Amino acid sequence: MMEPSVPIPNIAEQQEYKYWAFISYSHQDDEWGKWLHKALESYKVPARLVGRSSRDGTVPKRIFPVFRDREELPGSPGLGQNISEALRQSRYLIVICSPNSAASRWVNEEIRTFKRLGKQNHVLCLIVGGEPNATDKPECGLPECFPQTIRFSVGSGGEILQERSEPIAADARTGKDGKTNALLKILAGVIGVDFDELKQRERERQHRRITQWCVAGIALIALISGIWYHG
């Protein structure tokens, strides 16, 4: 495969990151890209988790900013400098996996570039269509959703190795994790907490919100009743 147009330094040279994550996707899956970008940047981490030590430092209040490439690169011989720089400055790479992304030259190149930085363990997958590792089981008759650079490790020179990669994946397909749980799995991966704990904290927050709404509703009814009575 071709070399990136911008030299890539080792991850050890990077001490800080500008972006919490870089979303890589085929522009045929643009609606998924927009949804994920908005969902990540607007999510408020449960207060009980904020400030806790995680594998990447401390748990933040918000996952902001997140980089989403909005440009097509049909005539470019390689990734643009802004894309390569954004990949360098991102803690995590989130790949929206579908038959479209599996066949996308640019998604494969973004993954290859990110892994070449030494961040192979910081790649998260969101499956939205197709079948994981369908290439290994052609009898299933389903299209592959994992790009080649997801399924295999990448060397420091950008070469595809024979060593298989085991990506961390959330499955948004119907009958699998579903959209809500898949998002929570991606969030848990980015902030460095256990999925089950994040899900439990999210349930507690939703319960508190419902309770607050009920209390506010009762108070409003009481106020209206009082006004009506005295009127």
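Residues numbered from 1 in each chain as written. Predicted model: local features only at pLDDT ≥ 70, side-chain atom pairs only at ≥ 80, totals over all residues. Heavy atoms only, no water.

A. Here's a closer look at the overall build of the protein. Counting its regular elements, the protein contains 7 helices and 9 strands. Buried positions account for 45% of the 231 residues belonging to the protein. Sequence separation of 24 or more characterises 70% of the internal contacts of the protein that already satisfy a separation of 6 or more. Accessible surface, the protein as shown: approximately 12400 Å² in total, 53% of it carbon and sulfur. (Helix = DSSP H or I, 4+ residues; strand = E, 2+ residues; numbered from the N terminus. Buried < 20%, exposed > 50% of the residue type's maximum accessible area, 1.4 Å probe, protein only. Contact = heavy atoms within 4.5 Å. Areas by Shrake-Rupley, 256 points an atom, 1.4 Å probe, with all protein chains shown as cover.)

B. Examining the pattern of salt bridges more closely. Following the criterion strictly, the structure yields 15 salt bridges and no others. Residues D56 and R55 are paired through a salt bridge, measuring 3.9 Å at the closest nitrogen-oxygen approach. Between R112 and E109 there is a salt bridge; the shortest N-O distance is 3.0 Å. Here R112 pairs with E109, and both are found in helix 4 (residues 105-116), just 3 residues apart, close to one helical turn. A relative accessible area of 1% means that R112 is categorised as buried. Exposure remark for E109: the relative accessible area of 1% places this residue in the buried category. Within this structure, R48, R52, E197, R201 and E204 form a network of salt bridges that share partners. (Salt bridge = Lys/Arg side-chain N within 4 Å of Asp/Glu carboxyl O.)

C. Representation of the environment of H37 in the model. Looking at where H37 falls in the secondary structure, it is placed in helix 1 (residues 30-42). Note on H37: relative accessible area 11%, which makes it buried. For the pair formed by H37 and P65, sequence separation is 28 residues and the distance between their alpha carbons is 9.3 Å.

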